[in-house]
Amino acid sequence: AADLAITVDGGETNAHVGGTTYTATASTANTNYALTNTSTEYTIAPKSVAVTWSNTELTYNGEAQAPAAAAEGVNGALVLTVGGKTVNAGKDYTATASTTDTNYSLTNDTLVFSIAAKTITVTVDAIADQTFTGAAILPTVTLSTNDLVAGDTLRKDTDYTVSCANNENVGTASVTVVSKEGGNYTFADASASFAIVPAAAPALAVQGATGYKYTV
């Protein structure tokens, strides 16, 4: 019996899905033997594959993005899909890798990532002279930059704040623009000066001066 040749049928290549099992059946061409216990059910577990992540340092570009994922130790290409792509700059986003190939199970399949704000250069456009009013003057500020993603604009109090100094009395005042944290853009503080000029004096009227005659 030690030299008895046995053939096993029912071999499978793919991992089983959804709890299904395969059946292996043993047989022999040697008619001198009758086999018992000739079949058994078995499973093929998916191969565990670790995900490697790359392109993890991301900067805002106006498009949905996430790190890239690849599989280690796979014979041939294993197609991975990465979910969790995000547009806006921020922290603590989660990317998740998955595959529709049921022969593999993924480990290290999630990654927490950030998208950094895009660094741009901003200048404050020239500010026209402002007329003294007796109150603090907050002029309209216009910014110039060539670094924005197409279709984007910088929004006051969302992307930046504006503050003024020496902006009440006649003289030279200043305005400073500071980018706000948490936005899609970051830039160095930008400033400009503007003049506060005197207001025109009101016309004076002389009353009770009629009916007088002067002799020289």
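Note that the structure is a prediction, hence the values are computed from the model and not measured. (Residues numbered from 1 in each chain as written. Predicted model: local features only at pLDDT ≥ 70, side-chain atom pairs only at ≥ 80, totals over all residues. Heavy atoms only, no water.)

Visitor: Is there a simple way to think about the overall build of the chain in this case?
Guide: A count of helical and extended segments in the chain gives 0 helices and 18 strands. A globule of 216 residues ought to have a C-alpha radius of gyration of about 17 Å, yet the chain, at 39 Å, is considerably larger. If you line up the chain on its principal axes, its C-alpha atoms span 160 × 30 × 25 Å. Counting the 216 residues in the chain, one finds 24% classified as buried. (Helix = DSSP H or I, 4+ residues; strand = E, 2+ residues; numbered from the N terminus. Rg over C-alpha atoms; globule rule 2.2 N^0.38 Å. Buried < 20%, exposed > 50% of the residue type's maximum accessible area, 1.4 Å probe, protein only.)

Visitor: Mind showing me how you'd approach the sheet that holds strand S10 (residues 110–116) here?
Guide: Backbone-to-backbone hydrogen bonds join strands into a sheet, with any given pair of strands oriented parallel or antiparallel. Spatially, the 4 strands line up as an open sheet ordered S5-S10-S8-S7, and their pairing is mixed. Taken across any chain shown, the strands that pair with only one partner, and hence form the sheet edges, are strand S5 (58–59) and strand S7 (81–83). Of the strand pairs in this sheet, strand S8 (residues 90–98) and S10 are connected by 5 bridges, and their pairing is antiparallel. Its bridge partner lying in S10, Tyr 93 is registered against Phe 113. (Pairing = 2+ DSSP bridges.)

Visitor: Whenever I open this one, the packing of aromatic side chains confuses me. Can you help?
Guide: Between two aromatic rings, the relevant description is the distance of the centres plus the angle of the planes. Counting across every chain of the model gives 3 aromatic pairs. The interplanar angle of 80° and the centroid separation of 5.5 Å between the aromatic rings of Tyr 60 and Tyr 185 together place this pair among those described as edge-to-face. With a gap of 125 residues between them, Tyr 60 in the loop between S5 and strand S6 (68–71) and Tyr 185 in strand S17 (residues 185–186) connect regions that are remote in the sequence. With respect to burial, Tyr 60 and Tyr 185 carry one shared label: buried. (Phe/Tyr/Trp six-rings, centres within 6.5 Å; stacked < 30°, edge-to-face > 60°.)

Visitor: Which parts of the structure should I look at to understand the nonpolar core?
Guide: Proteins that are soluble and globular tend to have nonpolar side chains buried together. One finds Val 124, Leu 143 and Leu 154 to be the most contacted residues of the largest nonpolar core, which totals 37 residues. By residue number, the principal contributor to this core is strand S18 (residues 190–197), which donates 4 residues. The contact partners of Leu 143, leaving out residues within four places of it in the chain, are Val 122, Thr 123, Val 124, Asp 125, Leu 154, Tyr 160 and Val 177. (Core = buried A, V, L, I, M, F, W, Y, C linked by side-chain atoms within 4.5 Å. Contact = heavy atoms within 4.5 Å.)

Visitor: I tried to follow the sheet that holds strand S16 (residues 171–179) on my own but got confused; where do I start?
Guide: In space, the 4 strands of this open sheet follow the order S13-S18-S16-S15, with mixed pairing throughout. The sheet is open, and its two borders are formed by strand S13 (130–131) and strand S15 (160–165), each paired with just one other strand. The sheet contact formed by S16 and S18 spans 7 bridges and is antiparallel. Residue pairing across strands places Thr 172 opposite Ala 195, the latter belonging to S18.

Visitor: How should the pattern of salt bridges be read in this particular structure?
Guide: Between side chains of opposite charge, pairing is possible as soon as their charged atoms come close. Taken as a whole, this structure holds 2 salt bridges when the rule is applied. We note a salt bridge from Asp 159 to Arg 155, for which the minimum N-O separation is 3.3 Å. Taking relative accessible area as the criterion, Arg 155 reaches 45% and is therefore assigned partly exposed. As a salt-bridge pair, Asp 157 and Lys 156 come within 3.5 Å of each other at their nearest N and O atoms. Taking relative accessible area as the criterion, Asp 157 reaches 48% and is therefore assigned partly exposed. (Salt bridge = Lys/Arg side-chain N within 4 Å of Asp/Glu carboxyl O.)

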